[in-house]
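Here's the letter readout for the chains.
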Amino acid sequence: MAGTLLAQTQQTASRRMEIQVELRKGEQWTKVDPSTVLEKEAQIRFRVKASFAGYLYVMNQGTGGTYALLFPREDTGQANRLEPGREYTVPATDGAFRIAGPPGHDIVYWIV
């Protein structure tokens, strides 16, 4: 699927996560390729679906090397339980993540 990241555990290939990146354009959300270069102040969110249950934690390593918890937090939603086959939006609130900081590559870690 274009615009979807697939993650697999090393133990079992039957465990699967799909992560889609969406970019806000005006009032609309548009699916974008995960390798898209985003401009400062762009707003993004993620759609996540897993084939297994667990608790989701999302961390970001910024261009300066610092780590920040993106989800769960009070402002991004605290209900981090995943159920198999159900799609979730991160952040789980009506908000979005705003691209900020110096140019470079951020790494987003998805931990279940």
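In what follows, the accompanying structure is described. These numbers come from a predicted model, not from an experiment.

This part is about a nonpolar patch on the surface. A cluster of nonpolar side chains, namely Tyr-55, Tyr-57, Tyr-67, Leu-69, Ile-107, Tyr-109 and Ile-111, defines an oily patch on the protein surface of about 670 Å² accessible area. Counting residues per element, the ones that place at least two in the nonpolar patch are strand S7 (67-71) and strand S11 (107-111). At three residues, S11 tops the list of elements feeding residues into the nonpolar patch. Checked against the element boundaries, Tyr-55 lands in strand S5 (residues 54-55).

The next thing to look at is the layout of surface pockets. A volume near 860 Å³ is recorded for the largest pocket. Looking at the largest pocket, it is lined by 28 residues, and the ones nearest its centre are Leu-38, Ile-44, Ile-99, Asp-106 and Val-108. Counting residues per element, the lining of the largest pocket draws most heavily on S11, which supplies three residues. Of the residues belonging to the lining of the largest pocket, the class tally is 17 nonpolar, seven polar and four charged.

Definitions and cut-offs
In this convention, every chain numbers its residues from 1, walking through the sequence in written order. Under the rules for a predicted model, residues below a pLDDT of 70 receive no local features and side-chain atom pairs below 80 are neither given nor counted, while totals for whole chains, interfaces and linings still include all residues. For the side-chain quantities, the full set of heavy atoms in the structure was used; hydrogens and water were omitted. Residues qualify for a patch when their relative accessible area is over 30% and they have no salt bridge, like charges being joined within 9 Å and the nonpolar side chains of Val, Leu, Ile, Met, Phe, Trp and Tyr within 5 Å. Residue burial considers only the protein chains on display, and all accessible areas are found by Shrake-Rupley using a 1.4 Å probe. What makes a salt bridge here is a side-chain nitrogen of Lys or Arg within 4 Å of a carboxyl oxygen of Asp or Glu, nothing more. Helix and strand assignments follow DSSP, with helices taken as H or I runs no shorter than four residues and strands as E runs no shorter than two, numbered in order from the N terminus. We place a 1 Å grid over just the protein atoms. Points where a 1.4 Å probe fits but has no way out form a cavity, open points with protein on both sides within 12 Å along at least 5 of 7 lines form a pocket, and any residue with an atom within 4 Å of a point lines it. Grid points are joined across faces, edges and corners, and a volume is the space filled by probe spheres set on the points. Think of it as three bins: nonpolar holds Ala, Val, Leu, Ile, Met, Phe, Trp, Tyr, Cys and Pro, charged holds Asp, Glu, Lys and Arg, and polar takes everything else, Gly as well.

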